[in-house]
Amino acid sequence: MTYAADRIEEEVAYLAYHFHWAIGDILDLEHGDRRAYVSQIATLVERGARAEGKQ
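Residues numbered from 1 in each chain as written. Predicted model: local features only at pLDDT ≥ 70, side-chain atom pairs only at ≥ 80, totals over all residues. Heavy atoms only, no water.

(A) Layout of the side chain of Arg34. When you line up the elements, Arg34 lands in helix 3 (residues 31–54). By relative accessible area, which is 6% here, Arg34 ends up buried. Setting aside residues no more than four positions away along its own chain, Arg34 makes contact with Tyr3, Ile8, Glu11, Leu15, Ile26 and Leu29. (Helix = DSSP H or I, 4+ residues; strand = E, 2+ residues; numbered from the N terminus. Buried < 20%, exposed > 50% of the residue type's maximum accessible area, 1.4 Å probe, protein only. Contact = heavy atoms within 4.5 Å.)

Given below as structure tokens:
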């Protein structure tokens, strides 16, 4: 099974935007680790958006 190039680009952009990591460092991550970071960031972003809505 291959992983779509556009999906990898989305993950790299998302991690680079939020963590300010270099592209090479992100691409060096194992797929599962990269997905875990993306998931954790998404959780934090959603939590922050909910908190802003309550103010």
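Text resumes after the structure shown.
(B) Fine view of the side chain of Glu11. Within the fold, Glu11 resides in helix 1 (residues 5–19). Its relative accessible area of 1% is what places Glu11 among the buried residues. One polar contact links Glu11 to Arg35, side chain to side chain, over a distance of 3.1 Å. Apart from residues no more than four positions distant in its own chain, Glu11 is found in contact with Tyr3, His31, Arg34, Arg35 and Val38. (Polar contact = N/O pair within 3.5 Å; in protein donor to acceptor, adjacent residues only side chain to side chain.)

(C) A look at helix 3. The end-to-end C-alpha distance of helix 3 is 35 Å, a good match for the 34 Å that 24 residues give at a rise of 1.5 Å each. Within the sequence span of helix 3, burial applies to Arg34, Val38 and Ile41. (Expected span 1.5 Å × (residues − 1).)

(D) Focus on unusual backbone geometry. The backbone phi angle of His20 is positive, close to 60 degrees, even though this residue is not glycine. Tracing the chain through its elements places His20 in the loop between helix 1 and helix 2 (23–27). Among the residues examined, His20 registers a relative accessible area of 67% and is labelled exposed.

(E) Here's a closer look at the packing of aromatic side chains. Applying the stated rule across the entire model yields three aromatic pairs. Here the aromatic rings of Phe19 and Trp21 are separated by 4.6 Å at their centres, their planes lie at 45 degrees, and the arrangement is tilted. Assessed through its relative accessible area of 31%, Trp21 is described here as partly exposed. Centroid distance Trp21 to Tyr37: 5.2 Å. Interplanar angle 85 degrees. Geometry classified as edge-to-face. Here the residue Trp21 occupies a position in the loop between helix 1 and helix 2, and Tyr37 occupies one in helix 3, the gap between them amounting to 16 residues. These aromatic residues form a ring-pair network of at least three members: Phe19, Trp21 and Tyr37. (Phe/Tyr/Trp six-rings, centres within 6.5 Å; stacked < 30°, edge-to-face > 60°.)

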